[in-house]
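Working through the structure, step by step
Read off the chains here:
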Amino acid sequence: MSDGLPPLREVIASHGLSARKSLGQNFLLDLNLTGRIARRAGDLSARDVLEIGPGPGGLTRALLAEGARKVVAVERDERCLPALAEVSNAYPGRLEVLSGDALTLDTTRHLTAPVRVVANLPYNVGTELLVRWLTPAEWPPFWSSLTLMFQKEVAERIVAAPGSKAYGRLSILAQWRSDAKLAFEISSKAFTPPPKVTSAVVHLDALSAPRFPADQKTLSDIVAKAFNQRRKMLRSSLRSVSADIEDKLLIAGIQPTDRAETVSLEQFCALARLL
Ligand code: SAM
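Each chain has its residues counted from 1, following the order in which its sequence is written. Reporting of local features is limited, given that this is a predicted model, to residues whose pLDDT is at least 70; pairs of side-chain atoms are given and counted only at 80 or more, and all residues count toward the totals for whole chains, interfaces and linings. In computing side-chain properties, one takes all heavy atoms of the structure into account and sets aside hydrogens as well as water.

Take Arg-273: it is sitting in helix H11 (residues 265–274). Burial status follows relative accessibility: with a 1.4 Å probe on protein chains alone, a residue under 20% of its type maximum counts as buried, one over 50% as exposed, and anything between as partly exposed. Judged by relative accessible area, which is 48%, Arg-273 ranks as partly exposed. As for Arg-273 and Ala-214, which are separated by 59 residues in sequence, their C-alpha atoms are 5.5 Å apart. Throughout, a contact is declared for two residues whenever any of their heavy atoms are within 4.5 Å. With sequence-adjacent residues up to four places away left out, Arg-273 is seen in contact with Phe-212, Pro-213 and Ala-214. Helix and strand definitions here come from DSSP, where helices need a minimum of 4 consecutive H or I residues and strands a minimum of 2 consecutive E residues; each element is numbered from the N-terminal end.

This is how it looks when you write it as structure tokens:
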């Protein structure tokens, strides 16, 4: 990559960016690897890119080198801003850095929808944002794709099929409105400092319409209740949802004695439509 910028180790040393655990900072310093993540996001030249948590800018540099027409990057750690300003200077007019918390900052006026979202985030923030991105009232959303790094177990939950241990609320929310794929795993050794767990990149393409019709809030509500007590039979875990839940389950093609982990997305949507 010939962007004229120094290696990331030097950037970190010269800007004093020692990783802070409280901000979930595990940096990727291998630009071949960040390039691989950027390429998995798809064609970056025709869409704006939203990056959350650029840190010292490894993934940001890869996104720009891979041809992103515009990157808007939201970073909470102000110590990273001077390093990111150098990236911005190397790619004039193509990188806008927003200083703040991605959970509260409104990025919409900085971007032209639909955007590609790319992020290597602390896992708790990543899951919270993913759920928000998957559950807007209106669909299609402001994004066309999400390319996100997660703890491997979370990545597996996003793409899991019924009957597997990983199948749950995240699987339903992700697969209802998007095409979700596990892209590749990343060894903890690739990060500085290395986290305790293996990571994986997940790629989601927004569907133009949900796979099956259902009201978003109703579906989210029953799925949360059903999986909250995933070992219980649905007639009991969903008792509070409707007085005649057993009849509704049967109409939706679900046995009242079934457990949430065996119920397909299509069946959950059928049940949501009856409620
Ligand atoms: N993208 C860089 C990389 O791949 O090396 C850094 C990844 S590091 C796992 C997560 C980054 O997200 C850190 O730079 C951290 O400061 C930032 N971050 C943590 N919480 C955030 C939040 N709520 N909003 C925005 N950025 C956040």
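Taken together, 20 residues surround the ligand, and among them Leu-28, Gly-53, Glu-75, Asp-101 and Asn-120 come closest. As used in this structure description, the phrase polar contact means that two N or O atoms lie within 3.5 Å; if the pair is within protein, one of them must be able to donate a hydrogen and the other to accept it, and residues adjacent in sequence are counted only when both atoms belong to side chains. One of the side-chain nitrogen or oxygen atoms of Asn-120 is found 2.7 Å away from an oxygen atom of the ligand. With respect to the pocket detection grid, the ligand is positioned in the largest pocket. Secondary structure elements with two or more residues in the shell around the ligand: strand S1 (27–28) and strand S3 (70–75). The cutoff for a nearby residue is simple: one of its non-hydrogen atoms must lie within 4 Å of the molecule or strand. Think of a 1 Å grid over just the protein atoms. A cavity is a set of points where a 1.4 Å probe fits yet cannot get out, a pocket is an open set with protein on both sides within 12 Å along at least five of seven lines, and lining residues have an atom within 4 Å of a point. Criterion for pocket placement: a molecule counts as inside a cavity or pocket if more than half of its atoms are within 2 Å of its grid points.

A word on the layout of surface pockets. Counted as a void, the largest pocket has a volume near 770 Å³. Every residue lining the largest pocket is counted, 37 residues in all, and those nearest its centre are Leu-23, Gly-24, Gln-25, Asn-26 and Pro-122. Among the elements of the structure, S1, strand S2 (48–52), helix H3 (58–65), S3 and helix H5 (123–134) are those that each provide at least two residues to the lining of the largest pocket. No other element matches H5, which puts three residues into the lining of the largest pocket. As a working rule, the residues Ala, Val, Leu, Ile, Met, Phe, Trp, Tyr, Cys and Pro are called nonpolar, Asp, Glu, Lys and Arg charged, and the rest polar, with Gly in that last group. Counted by class, the lining of the largest pocket contains 18 nonpolar, twelve polar and seven charged residues. Grid points are joined across faces, edges and corners, and a volume is the space filled by probe spheres set on the points.

A word on unusual backbone geometry. When glycine is set aside, most residues are seen to have a negative phi, and most peptide bonds are trans. Note the cis peptide between Ala-113 and Pro-114, where omega equals -5 degrees. Residue position: Pro-114 is located in the loop between strand S4 (95–99) and strand S5 (115–120). At the junction of Trp-139 and Pro-140, the peptide bond is cis and its omega measures out at 5 degrees in the coordinates. Within the element layout of this structure, Pro-140 appears in the loop between H5 and strand S6 (143–151).

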